[in-house]
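Survey of secondary and tertiary structure
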Amino acid sequence: MRVSSAEFIRNYGTMTDQALSEAVTITRNGKDRLVVLSAAEYQKLLARFRRVVLPNELSEMDIEAIAATEVPDSYAQLDAEISNQ
């Protein structure tokens with residue numbers, strides 16, 4: 001759903017209720033400016049972000065888990081792509 005900021009302010013209660021079921025994009029001068037969405041949907045989005053860590057922040061257990069990881073045979077073609085560079 002897309003609404004102007006004036007419409008969002010006029011219908012704040014209705015718009016926030018609507019945002020519980022779908023994202024509401026608020027525009028200003030015809031351009032997208034903000035998006036209102038439910039707290040649950042926001043938490044889902046946050047959970048998708050990957051956390052970046054520096055190598056020196058890895059624990060011994062992390063390093064052992066990485067070392068023990070094996071690439072599935074279905075990705076063997078990627079080795080060929082790397083070796084051709």
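Here is a short report on the structure shown in this document. Remember, predicted model here, so these are calculated numbers, not experimental data. (Residues numbered from 1 in each chain as written. Predicted model: local features only at pLDDT ≥ 70, side-chain atom pairs only at ≥ 80, totals over all residues. Heavy atoms only, no water.)

**Remarks on the packing of aromatic side chains**
For the structure shown, the criterion picks out one aromatic pair. Judged by centre distance (5.7 Å) and plane angle (85 degrees), the ring pair of Phe8 and Tyr12 falls under edge-to-face. (Phe/Tyr/Trp six-rings, centres within 6.5 Å; stacked < 30°, edge-to-face > 60°.)

**Here we look at the pattern of salt bridges**
Per the counting criterion, the structure on display carries two salt bridges. With a closest N to O distance of 2.8 Å, Asp32 and Arg2 form a salt bridge. With Asp32 in strand E3 (residues 31-36) and Arg2 in strand E1 (residues 2-4), this residue pair connects regions lying 30 residues apart in the sequence. Here Glu41 and Lys44 are joined by a salt bridge, their closest N and O atoms 3.7 Å apart. Of this pair, Glu41 and Lys44 both sit in helix H3 (residues 39-48), three residues apart, which is roughly one turn of that helix. Overall, the relative accessible area of 48% leaves Lys44 in the partly exposed class. (Salt bridge = Lys/Arg side-chain N within 4 Å of Asp/Glu carboxyl O. Helix = DSSP H or I, 4+ residues; strand = E, 2+ residues; numbered from the N terminus. Buried < 20%, exposed > 50% of the residue type's maximum accessible area, 1.4 Å probe, protein only.)

**Observations concerning the side chain of Thr27**
Along the chain, Thr27 turns up in strand E2 (residues 24-28). Thr27 sits in the buried class, given a relative accessible area of 10%. Here Thr27 is in contact with Arg2, Val3, Ser4, Ser5, Asp32 and Arg33, once residues within four sequence places are set aside. (Contact = heavy atoms within 4.5 Å.)

**Considering the pairing of E3**
Taken across its six residues, E3 has zero buried, putting it largely on the surface. Sheet topology places E2 next to E3; five bridges connect them, and they run antiparallel. Considered in E3, the bridge of Arg28 is made with Lys31. What sits between E2 and E3 in their antiparallel hairpin is a turn of two residues, with Asn29 showing a positive phi close to 55 degrees. (Pairing = 2+ DSSP bridges.)

**Some thoughts on the sheet that holds E1**
One open sheet holds the three strands; their spatial order is E1-E2-E3, and the pairing between them is mixed. Lying at the two open borders of the sheet, with one neighbouring strand each, are E1 and E3. Taking the axes of each pair of neighbouring strands and ignoring which way they run, one obtains an average angle of 35 degrees across the sheet. (Axes fitted to C-alpha atoms, helices over the stretch in contact; angles between N-to-C directions.)

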